[in-house]
Amino acid sequence: EGGVIAGMFVIDKEYDVCPIGKPQFDMKYRVSDKYECAGGQASTAACVCGKGGLKTYMMSRIGEDASGNAILNSFKRMGVDTSCMSILKDYTTSASFIINHQDCGKRTILNYQDPVEDIDFTLPEDVDFILLDAHEEKIGMAAFEKFKNASSMLDAERANELTLKYAKRVDYIVGSERTDKIR
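It should be emphasised that the depicted structure is a prediction, and the values quoted were computed from it without experimental measurement. (Residues numbered from 1 in each chain as written. Predicted model: local features only at pLDDT ≥ 70, side-chain atom pairs only at ≥ 80, totals over all residues. Heavy atoms only, no water.)

Undergrad: Looking at this structure, how should I read the sheet that holds strand β11 (residues 172–175)?
TA: Sheets are built from strands paired through backbone hydrogen bonds, the pairs being either parallel or antiparallel. Read across the open sheet, the five strands follow the order β4-β1-β9-β10-β11; overall the sheet is parallel. Since the sheet does not close on itself, it has two edges, and those belong to β4 (56–59) and β11, each with one partner. With direction set aside, neighbouring strand axes in the sheet form an average angle of 15 degrees. Its contacts with the sheet put helix α1 (residues 41–51) on β1 (3–6), β4, β9 (129–132) and β10 (151–156), and the angle it makes with β4 is roughly 160 degrees. Relative to β9, helix α3 (residues 137–146) is tilted by about 160 degrees, and along the sheet it contacts β1, β4, β9 and β10. (Pairing = 2+ DSSP bridges. Helix = DSSP H or I, 4+ residues; strand = E, 2+ residues; numbered from the N terminus. Axes fitted to C-alpha atoms, helices over the stretch in contact; angles between N-to-C directions. Contact = heavy atoms within 4.5 Å.)

Spelled out as structure tokens, the structure:
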């Protein structure tokens with residue numbers, strides 16, 4: 001049957017920097033490399049599933065803009081079904097600006113997400129699995145209601161109230177050392 005993956009999609013804009021010593025405020029640093037790609041945990045999982053031949057439906061919201069089109073094209077190349085995506089006219093696709101600190105192997109992520117009151121979406125007919133992150137509550141809860149027999153997994157990248165709500169309903173939870181810290 002396949003699966004539904006619901007979560008936040010972003011366009012990742014990554015910049016490699018190699019400052020000398022600790023970064024300072026009010027300084028300008030040269031970028032040694034830059035690149036753009038679809039990002040977010042849900043997005044990455046969808047691409048892996050699609051490339052692996054699993055029928056995968058992506059559910060999220062993107063803007064009717066260049067970044068949204070880049071994300072759609074990326075999913076299509078990976079074999080991900082985008083027919084359940086909400087493409088919003090007056091919405092800017094979420095973006096993460098990632099500074100890769102080449103000297104120490106760490107990164108800084110700045111994320112922008114347009115506020116949105118409500119979104120309309122379409123659920124696929126039937127799926128075997130649901131994978132969620134803790135970003136799109138309305139979509140996730142609708143998937144639980146429609147696909148009661150599907151296996152489910154939560155990518156608990158952050159600990160918030162929605163993570164806790166989903167954790168009570170899913171079969172599996174994947175997290176990191178930060179997941180145990182409720183904000």
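Undergrad: Help me understand the pairing of β10 in this model?
TA: In summary, the side chains of a regular strand alternate between the two faces of the sheet. Burial of the side chains of β10 is restricted to one face: S152, L154 and A156 are buried, whereas none of S151, M153 and D155 on the reverse face is. One ladder, built from four bridges, connects β9 with β10; its direction is parallel. Looking across to β10, one finds that L132 is bridged to L154. A crossover links β9 with its parallel partner β10, the connecting element being α3, and its sense is right-handed. Two strands pair when backbone bridges link them, and β10 and β11 are joined in this way by four bridges, in the parallel orientation. Within the sheet, the bridge partner assigned to M153 lies in β11 and is Y172. (Buried < 20%, exposed > 50% of the residue type's maximum accessible area, 1.4 Å probe, protein only. Right-handed = clockwise from strand over helix to strand, strands pointing away.)

Undergrad: Got a minute to help me understand the layout of surface pockets in this structure?
TA: In this structure, the second largest pocket encloses a volume near 170 Å³. Every residue lining the second largest pocket is listed: V17, P19, P23, Y29, V31, I99, H101 and T108. For the lining of the second largest pocket, the residue count by class is six nonpolar, two polar and no charged. (1 Å grid on protein atoms, 1.4 Å probe; cavity = no way out; pocket = protein on both sides within 12 Å on 5 of 7 lines; lining within 4 Å. Points joined across faces, edges and corners; volume = space filled by probe spheres on them. Nonpolar A, V, L, I, M, F, W, Y, C, P; charged D, E, K, R; others polar.)

Undergrad: What's the story with the packing of aromatic side chains in this structure? I'm lost.
TA: Any two aromatic rings considered together are summarised by their centre-to-centre distance and by the angle between their planes. Counting across every chain of the model gives two aromatic pairs. Measuring from centroid to centroid gives 5.7 Å for F144 and Y166, while their planes differ by 70 degrees, and the two rings are edge-to-face. Placement of the pair is F144 in helix α3 and Y166 in helix α4 (residues 161–167), with a sequence separation of 22 residues. Its relative accessible area of 0% is what places Y166 among the buried residues. (Phe/Tyr/Trp six-rings, centres within 6.5 Å; stacked < 30°, edge-to-face > 60°.)

None of the figures reported here should be taken as evidence of function without further support.
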